[in-house]
Amino acid sequence: MHNIRQYQLPLQRYMAMMDLQEGNERLFYKLLIDNVEELLPIVYTPTVGEACQKYGSIFSRPQGLYISLKEKGKILEVLKNWPERSIQVIVVTDGERILGLGDLGCQGMGIPVGKLSLYTALGGVRPSACLPITLDVGTNNEELLNDEFYIGLRQRRAIGQEYADFLHEFMAAVKQNYGEKVLIQFEDFANHNAFDLLARYGTTHLVFNDDIQGTASVVLAGLVAALKLVGGTLAEHTYLFLGAGEVSLSFLVLTYH
């Protein structure tokens, strides 16, 4: 921790933590668990957002599993290349809506990696059972397409049937390779795809979207807990929703149901 604290910039601390995760995973998690309040903002939000924006520039070694459009038709083979077999949790993104930063394409890998480090540090899931995946279906971010350090496909995003077929092959391959009990967490998909994916695979796979379901559930849990202090029921109180973001809208839907 003394060495980590020598860095002045959060991004520098992030890079040091990622190097530690690659070099000494046990020490990485020991450090994170013992100093979670200090390091959580480093390995995840808000620092991970800046890391994703600059991912190509700070890239030193690959983390997680990348599956690109060019591997369509052999996604199962790609999954089988991952060395761990007993996977319990997959966090997957296509990088189209990374935090509030927009389309970061392949550079969104920092989100699945960071989120799964929390599954281990806070949830006790062993690291070997976690698999971060980025689906590289292109990017519409012109700045990244023209960036010499961008690590993903230099093409515009796949849409429509091409996108749907690619995702369907991925979901089928996950079930075939890891069984029906693996949790697939959709992370930072754009709204127009996120809701469709939940609706399509909610009855066939163990799926969860943190941005739609998780955020709202945490807000609702906070309110339910607050009722123990202020009294009454949820229906008896008045709520102010600030903005029409994912948090407000998803919570509104959740409380309505």
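This structure is a prediction, so every number in the text was calculated from the model and none was measured.

Engineer: Is there a simple way to think about the UniProt feature "domain: Malic enzyme N-terminal" (unreviewed entry) in the protein chain in this case?
Structural biologist: The residues that UniProt annotates with the feature "domain: Malic enzyme N-terminal" (unreviewed entry) are residues 21-202. The annotated region residues 21-202 carries 47% helix and 11% strand content, and the separation between its end C-alpha atoms amounts to 33 Å.

Engineer: Can you help me understand the packing of aromatic side chains in this one?
Structural biologist: One pair of aromatic rings is described through two measures. These are the centre distance and the angle between the planes. Inspection of every chain in the model, using the stated rule, returns three aromatic pairs. Taking 4.9 Å as the distance between ring centres and 80° as the angle between the ring planes, the aromatic pair formed by F28 and Y29 counts as edge-to-face. Given the relative accessible area of 9%, Y29 is considered buried. Seen from their ring centres, F186 and F189 are 5.6 Å apart, and the 85° between their planes marks the pair as edge-to-face. For F186, a relative accessible area of 1% corresponds to the buried category. We classify F189 as buried; its relative accessible area is 1%.

Engineer: I keep staring at the nonpolar core and nothing clicks. Help me out?
Structural biologist: Nonpolar side chains in soluble globular proteins tend to be buried together. Core analysis: the largest hydrophobic core is formed by 35 residues, its most contacted members being I67 and I133. Among the elements of the structure, strand 1 (65-68), helix 7 (75-80), strand 2 (89-93), strand 3 (130-136), helix 10 (160-178), strand 4 (183-186) and helix 11 (191-201) are those that each provide at least two residues to this core. The leading source of residues in this core is helix 10, at eight residues. Excluding anything up to four places from it in sequence, I67 contacts I75, V78, L79, I133, T134, L135, D136, F166 and F170. Formed by 29 residues, the second largest nonpolar core is a distinct cluster that contains Y29, I42, A51 and L118.

Engineer: When you look at the sheet that holds strand 4 in this model, what are you seeing that I'm missing?
Structural biologist: Sheet strands pair via backbone hydrogen bonds, and the direction of the pair is either parallel or antiparallel. Pairing within the open sheet is parallel, and its five strands lie in the order 1-3-2-4-5. The sheet is open, and its two edges are formed by strand 1 and strand 5 (206-209), each paired on a single side. Across the sheet, the mean angle separating the axes of adjacent strands is 25° when strand polarity is ignored. Note: strand 2 against strand 3, five bridges, orientation parallel.

Engineer: I keep staring at the UniProt feature "binding site: a divalent metal cation" (unreviewed entry) in the protein chain and nothing clicks. Help me out?
Structural biologist: In the numbering used here, UniProt assigns the feature "binding site: a divalent metal cation" (unreviewed entry) to E187, D188 and D211. Separation in sequence by 25 residues is not matched in space for these annotated residues, since their most distant C-alpha atoms are only 6.9 Å apart. Topologically, E187 is positioned in the loop between strand 4 and helix 11. In this structure E187 comes out as buried when scored by relative accessible area, which is 2%. Here E187 is in contact with Y44, V91, V92, T93, I111, K115, D210 and D211, once residues within four sequence places are set aside. With respect to the helices and strands, D188 occurs in the loop between strand 4 and helix 11. Once you skip the residues sitting within four places of it in the chain, D188 turns out to touch T93, D94, G95, E96, R97, I98, L99, I111 and D211. At a separation of 3.1 Å, a polar atom in the side chain of D188 contacts the side chain of R97.

Engineer: Would you mind showing me how to read helix 12 (residues 210-230) here?
Structural biologist: Given 3.6 residues per turn, any residue in an α-helix points the same way as the ones three and four places further on. In a regular helix each residue adds 1.5 Å, so 21 residues correspond to 30 Å; helix 12 covers 28 Å between its end C-alpha atoms and thus fits that length. Buried residues of helix 12: D210, D211, I212, G214, A216, L220 and L227, and no others. Looking at where helix 12 begins, the residue whose side-chain oxygen comes 2.9 Å from the main-chain nitrogen of D211 is N209. With its phi angle positive at about 80°, G231 sits one or two positions after the end of helix 12.

Definitions and cut-offs
Residues numbered from 1 in each chain as written. Predicted model: local features only at pLDDT ≥ 70, side-chain atom pairs only at ≥ 80, totals over all residues. Heavy atoms only, no water. UniProt positions renumbered as here; feature names shortened; annotations may be inferred. Helix = DSSP H or I, 4+ residues; strand = E, 2+ residues; numbered from the N terminus. Phe/Tyr/Trp six-rings, centres within 6.5 Å; stacked < 30°, edge-to-face > 60°. Buried < 20%, exposed > 50% of the residue type's maximum accessible area, 1.4 Å probe, protein only. Core = buried A, V, L, I, M, F, W, Y, C linked by side-chain atoms within 4.5 Å. Contact = heavy atoms within 4.5 Å. Pairing = 2+ DSSP bridges. Axes fitted to C-alpha atoms, helices over the stretch in contact; angles between N-to-C directions. Polar contact = N/O pair within 3.5 Å; in protein donor to acceptor, adjacent residues only side chain to side chain. Expected span 1.5 Å × (residues − 1).

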